[in-house]
Each structure stands twice: as structure tokens, then as C-alpha cells.
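A look at the structure
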2 protein chains.
Amino acid sequence: MIFSSKFIEDAVQEFSRLPGIGKKTALRMVLHLLKMEKNEVDGFTTAISKMRHGIQFCSVCHNVSDGDKCDICANPGRNRSQVCVVENIRDVIAIESTQQYSGLYHVLGGILSPLDGIGPEQLNITTLQQRVREEGVTELIMALSPTIEGDTTVYYIAKQLAGSEVNITTIARGIAFGGELEYADEMTLARSIAKRLPIENYVTVHSK
Amino acid sequence: MIFSSKFIEDAVQEFSRLPGIGKKTALRMVLHLLKMEKNEVDGFTTAISKMRHGIQFCSVCHNVSDGDKCDICANPGRNRSQVCVVENIRDVIAIESTQQYSGLYHVLGGILSPLDGIGPEQLNITTLQQRVREEGVTELIMALSPTIEGDTTVYYIAKQLAGSEVNITTIARGIAFGGELEYADEMTLARSIAKRLPIENYVTVHSK
């Protein structure tokens, strides 16, 4: 596409770097921003800038946070003996949106995937072991995507915690195989947390 | 959706104001920006901010411009006796991208649409008449969308210019009725400019 303005061209270029945004969609967004009031556009850019520069990661659960500890870890009303282990921030948002879970979280930052070069060192597993040892966690709910990599991660973590008294469960398989956790509807996701299974059961079902 | 960070929430909120962006897509974009380097995100916000604050509208053709006159009007290599009349900036970009047109443009800023409260006063028609009178324009190519509103606008402008010697043509109807100009492929659009028809012809074909 040929633009008669460098400003437009640069803005379109930047927008088309976002996932799922081609040149035409980027142009539509840029022209929409062009029609908006200047202070509204300033609000848009400021929100993004603040987000990128202001965001921190919770020192306890590695969730995104506006301070040192995230709102969930800092909330005294949450059940501190229950920790839900998830792959990423999106999963925390998905589970929180069901409003059915009152425990804490632990964001791994990915799942074991040797082909992509992701081993245990790349994930927040050491801090999870530490939390289990030191913070009186009695239950770990594994809420990882039901893929081979997710299962491998569950097995790995269970093995690492073999000596401890923590009860490891996984969310119920209400979600289709190969489906992504973040796209599940809230009802299915809420039920799958309520109907979680002990890990022995999970292994049996899975190896059949 | 429940976010555990106000920063994320605000950024998602801002993104979901853009056309065609829902909450989930907005979140995907925000998390993508979160993974990008800080200076890359600064590049993104700066490009948008610069675009919104720096953009001007060409004093001649009302196209977007980085200065008082747009690159097209300022280019001495363009044919100044030919003016292509379009609805908006997107149409200029679409026609420029065909690389088959070497004349100038005139951006109306819309088309006549009484139901939406858009009359001749809301459009850049006075400046078009002025250009025809004062700048030696010999041909006006009407490149408006082939809808009732587009046709009405063509008739209206032709009527306003009745006394002048300018030759009014319309782009050839290679584009399907009800189709939007900006989504036409470049080949069809280029041909429809090359095969433009005199306005008498257009009226006859249309009233049959």
C-alpha cells in the first residue's frame, strides 16, 4: 500500500506488528484513531505506555501485578492453602473470571517443551517447591492445558514434590483435548475446577 | 473479565475501543505488547501519538498530509489537469496503490446522505468548484462508491459545475454494486480508472 503520509505509514507499520493484524486492519485502526479526539488518543497511548513500564510480576506467584505482590496474593480473604498452577497470565484471568475459585495461583510461565527448548529451569518450578515447603500449601490444583506438554509438566512437578504431603489434583477434563484453556467458556472452566480429580486417577484414565 | 492488574485492565479497555476489537482480542494484543521490549512499545505509542498530533490535511485536496500540502499535490510530476474525486483518505490510498494514476485528488470527506445529515455543506465541494475554476482542471474523475448516495453526489457535483468546461468522467463499473471501493482488488480498480466513461454514458446506462 502507498500512503501519502509518513505519519500514517509509521502508525500502520506499528499496528501490523500486533498478532492477527494485517495491513488493511491496521489502516482501519489508524484511521479510527485519526477520527478520535487528541486527548482520547493520548489516553490510549498513555494506558499502553503505563502498562508496559509500570507492570511488575508478583514476587510470590509470578502473576502480573501493579506492585511487588499481586492483588490476589495480597488479599487476606483468599484460601492460602490452595494453589492453582497455571501456564500463563491469561489462564489466571480466565479462572478469576469464573468467580468460583478462592485460592492462590502459581504462574509457571510456560510448560515443559523440550522441542522449543523449554526445560524446568525456564519455568517457575523452584519457587513453587519453595511455596509448598514453606507456606503450608495443602493442595496444588494443576490447571494446565490438556496436551502432551501439559501432562508432562504435571508429572514432572508431581515427581519433584514426591516427598511432601501436598495433595496434587488436576482440573476435571471437561475441556476438549487439544483445546486451549483460555478459550473455554466460564461454565465449563468453573465446573472443571469444582470436579478436579486426584492425580492417581488422572494417570490411570490417561494411560488407558 | 477480571484482571489482577489495573494497568492491564486500562490497556485492554483502551484497545477494545478500536473497531472490530473485543475484550479477548484486546487482551491478546496487550499481552503481546507486554512481551515486547520496552523501547519497541515506546516506538508503538510514539508512532500513534505523532500520527495523531502531527497529521494535517492538505489545503488543496484535503488528503492527509505531513505538511500544509500533501506529497501528491506537491509533486511536480503529477498531471495537474486531472483530478480524481474520492470519498475519503482510504480511497486515495487504494488508488495510489494501483500505481496507474498520475493526476491529483480531491477528498470530499464523505458523500451526500440526507438521512445521516450529510448535505453539500458538510463536504469539500466548494473548494472543488474553486479548483475547477482557478487551477485549469480539464477532467474530473468521479471515483465514488457505486451506491445511491455515491450517484447522487456525482449528479450534484456535475450540476454545480454545469457552466464550466471541465470534462466529468466516472470510473468504469468493474466493481460490483454495493461493494466498497476500498476493498476492491488493485487490478479491478486500476482497470476501472483506465476505462472511465463520460458522464452522459453513465447516466444512460444507469437510468435504463
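Above this text you will find the structure in question.
Residues numbered from 1 in each chain as written. Chains lettered and ligands numbered in written order. Predicted model: local features only at pLDDT ≥ 70, side-chain atom pairs only at ≥ 80, totals over all residues. Heavy atoms only, no water.

1. Observations concerning the interface of chain A and chain B
Between chain A and chain B, the residue contacts involve 59 residues of the former and 59 residues of the latter. Between chain A and chain B lies a buried interface of about 5,800 Å² when both sides are counted; carbon and sulfur atoms form 68% of it. One can count two salt bridges joining chain A with chain B. Between B:Arg17 and A:Glu40 there is a salt bridge, with the nearest N and O atoms lying 3.0 Å from each other. Joining chain A to chain B, the criterion identifies 14 residue pairs in polar contact (both at pLDDT 80 or more). Only α1 (6-15), α2 (23-35), α3 (38-54), α4 (71-74) and α5 (89-98) of chain A provide two or more residues apiece to the side of chain A that touches chain B. For the side of chain A that touches chain B, the leading source of residues is α3(A), giving 15 residues. Looking at side-chain class alone, the side of chain A that touches chain B contains 29 nonpolar, 12 polar and 18 charged residues. (Contact = heavy atoms within 4.5 Å. Buried area = accessible area lost by both parts, 1.4 Å probe. Salt bridge = Lys/Arg side-chain N within 4 Å of Asp/Glu carboxyl O. Polar contact = N/O pair within 3.5 Å; in protein donor to acceptor, adjacent residues only side chain to side chain. Helix = DSSP H or I, 4+ residues; strand = E, 2+ residues; numbered from the N terminus. Nonpolar A, V, L, I, M, F, W, Y, C, P; charged D, E, K, R; others polar.)

2. Things to note about the relation of the copies chain A and chain B
Superposition of the two copies of the chain requires a rotation about an axis and a shift along the axis. It takes a turn of 180 degrees to lay chain A on chain B, together with a shift of 0.0 Å along the axis; the resulting RMSD is 0.1 Å. Both chain copies can therefore be described as sitting about a two-fold axis. The C-alpha atom lying nearest the rotation axis in chain A is that of A:Thr45; the distance is 2.6 Å. Here 100% of the contact residues of chain A are again contact residues in chain B; the copies associate through an equivalent surface. (Least-squares fit on C-alpha atoms with pLDDT ≥ 70 in both.)

3. Examining helix α7 (residues 148-160) of chain B
Residues and elements named next belong to chain B. Between its first and last C-alpha atoms α7 spans 18 Å; for 13 residues at 1.5 Å apiece the expected length is 18 Å, and the two agree. Every buried residue of α7 is listed here: Gly 150, Asp 151, Thr 153, Val 154, Ile 157 and Ala 158. Down the axis of α7, the buried side of the element spans an arc of 160 degrees, and every buried residue falls inside it. Opposite the packed face of α7, turned more than 90 degrees from it, sit the exposed residues Ile 148 and Lys 159. (Expected span 1.5 Å × (residues − 1). Buried < 20%, exposed > 50% of the residue type's maximum accessible area, 1.4 Å probe, protein only. Arc of directions from axis to C-beta.)

4. Brief notes about the layout of surface pockets
If you add up the space inside the largest pocket, you get close to 410 Å³. Together, 13 residues line the largest pocket, and A:Phe57, A:Asn88, A:Ile89, A:Gly109 and B:Lys35 are the ones closest to its centre. Residues of the lining of the largest pocket, tallied by class, amount to five nonpolar, five polar and three charged. The computed volume of the second largest pocket comes to approximately 350 Å³. Taken together, 13 residues make up the lining of the second largest pocket; nearest its centre are A:Lys35, B:Phe57, B:Asn88, B:Ile89 and B:Gly109. Elements with a minimum of two residues in the lining of the second largest pocket: α2 of chain A together with α5 (89-96) of chain B. Looking at the lining of the second largest pocket residue by residue, the classes come out as five nonpolar, five polar and three charged. (1 Å grid on protein atoms, 1.4 Å probe; cavity = no way out; pocket = protein on both sides within 12 Å on 5 of 7 lines; lining within 4 Å. Points joined across faces, edges and corners; volume = space filled by probe spheres on them.)

5. Quick word on the pairing of strand β3 (residues 79-86) of chain B
Two faces belong to every sheet, and in a regular strand the side chains alternate between them. All names here are of chain B. With five bridges joining them, β3 and strand β4 (residues 103-107) adopt parallel strand pairing. Residue pairing in the sheet places Val 83 in a bridge with Leu 104 of β4. A crossover connection joins β3 to the parallel β4 through α5; in handedness this β-α-β unit is right-handed. One ladder, built from four bridges, connects β3 with strand β5 (residues 139-142); its direction is parallel. Following the sheet pairing, Val 83 is matched in β5 by Leu 140. (Pairing = 2+ DSSP bridges. Right-handed = clockwise from strand over helix to strand, strands pointing away.)

6. Observations regarding the side chain of B:His106
All names here are of chain B. The residue His 106 is located in strand β4 in this model. Judged by relative accessible area, His 106 falls into the buried class, the value being 0%. Side-chain polar atoms of His 106 contact the backbone oxygen of Asn 124, separated by 2.7 Å. Within polar-contact distance, the side chain of His 106 engages the side chain of Thr 127 at 3.5 Å.

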